[in-house]
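Each chain, letter by letter, is given below.
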Amino acid sequence: MKRPTVFVTRRIPEEGIRIVASFCEVEVSDFDGVLPRKILLEKVRGKDGILCLLTDTIDREVMEAAGPNLRVIANYAVGYNNIDVAEATRRGIMVTNTPGVLTETTADLAWALMMSVARRIVEADRFVRAGKFRGWEPMLLLGTDVYGATLGIVGFGRIGQAMARRALGFDMTVLYYDLQRAPEEIERQYRARFTPLPELLQTSDFVSLHVPLTKDTYHLIGERELRMMKREAYLINTARGPVVDEKALVRALREGWIRGAALDVFEREPEVEPELLELGNVVLAPHIGSASYATRTRMAEMAAENLVKALQGEIPPNLVNPEVLKSRAHRGLS
């Protein structure tokens, strides 16, 4: 029996590759970086499955290039805004993601960024390395207390709730905004209060973003919202870069509308707004929210398991377009 063919768009932890190779003929990109469009279109041709990253745009053109054999697109990420899910569904192609596995790791990173910008850790590190430390000084690198402050969480899903759980240990007041209010038991568990976004922005000492990127969340935080925030407040973004209008954020940081920001994601990744690089009151990280050995390995395993299950004719555990099952049944696909 012929084994299904799969293309993996970039090297991932070997544990995931082994799972795919146990059932499929697998080709892994050897390109060091995001695969150029022309090469991507060539490599997917005739494949039964694609295991891709959030940096790969998987749209109609890619699906057309792959041809009629393509049955599954397994995303090595929680978010899947890089995939045209509607087009995949129309073609009877299953799309999967890796939810849950990176919740705690990403919340850890968001918390670390918050602590770093509040206590000016990155600035302090540069200060010492530059040989400027002359001993204890009463006014040196004064920062902001996190303990007892008010944390505003925008997006109260898995990662947002994980942030609220961490806030309990710092005796913080937790406000949250989401399109849907959380069940009362969740609010009680995390001592979190549902708040309209304007009130959250006006009240919080720290605003942490945990929403997916959609047409409604694009530039959710722009000039109007930044001007609502306290002058002593900080913005933390570990969600998606385009949720924040970076041009407006630069002005906010430069002109003192807010005290600081910490970003793990950027509006036009991998490009970073040049003016952000010049500012000392912003901490910048290269999209490493899920970057722990354990989490990235488990993500690879989950993406591989999703892909293999789909190619075996089963329903993968993390199917993001379940409506495709009706489409496939109608078309007589397994």
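The structure displayed is predicted, hence computed values, not measured ones.

Undergrad: Looking at this structure, how should I read the packing of aromatic side chains?
TA: The geometry of an aromatic ring pair comes down to the distance between the two centres and the angle between the two planes. This structure, assessed with the given rule, holds four aromatic pairs. Centroid distance Phe156 to Tyr176: 4.1 Å. Interplanar angle 20 degrees. Geometry classified as stacked. Residue Phe156 is found in the loop between strand 6 (150-154) and helix 7 (158-168), and its partner Tyr176 is found in strand 7 (residues 173-177); the two are separated by 20 residues along the sequence. This pair shows no difference in class: Phe156 is buried, exactly as Tyr176 is. Consider the rings of Phe206 and Tyr234, whose centres lie 5.2 Å apart with planes at 15 degrees: the pair is stacked. Of the two residues, Phe206 sits in strand 9 (residues 206-209) while Tyr234 sits in strand 10 (residues 234-237), which places them 28 residues apart along the sequence. The same class applies to Phe206 as to Tyr234, namely buried.

Undergrad: Help me understand the pairing of strand 7, please; the structure alone is not making it clear to me.
TA: Looking along a regular strand, one sees side chains alternate from face to face of the sheet. Alignment of strand 6 against strand 7, held across five bridges, turns out to be parallel. Following the sheet pairing, Gly152 is matched in strand 7 by Leu175. Read from strand 6 through helix 7 to strand 7, the crossover connection turns out right-handed. Summarising the sheet, strand 7 and strand 8 (residues 192-194) pair through three bridges and their orientation is parallel.

Undergrad: Could you clarify how one ought to interpret the pairing of strand 6 in this entry?
TA: Counting buried residues along strand 6, five of its five residues qualify, which places the element largely inside the surrounding structure. The side-chain alternation of strand 6 yields two buried faces, one formed by Thr150, Gly152 and Val154 and the other by Leu151 and Ile153. Bridge analysis of strand 6 against strand 9 gives four bridges, and the strand direction is parallel. The residue of strand 9 that forms the bridge with Leu151 is Phe206.

Calculation criteria
Residues numbered from 1 in each chain as written. Predicted model: local features only at pLDDT ≥ 70, side-chain atom pairs only at ≥ 80, totals over all residues. Heavy atoms only, no water. Phe/Tyr/Trp six-rings, centres within 6.5 Å; stacked < 30°, edge-to-face > 60°. Helix = DSSP H or I, 4+ residues; strand = E, 2+ residues; numbered from the N terminus. Buried < 20%, exposed > 50% of the residue type's maximum accessible area, 1.4 Å probe, protein only. Pairing = 2+ DSSP bridges. Right-handed = clockwise from strand over helix to strand, strands pointing away.

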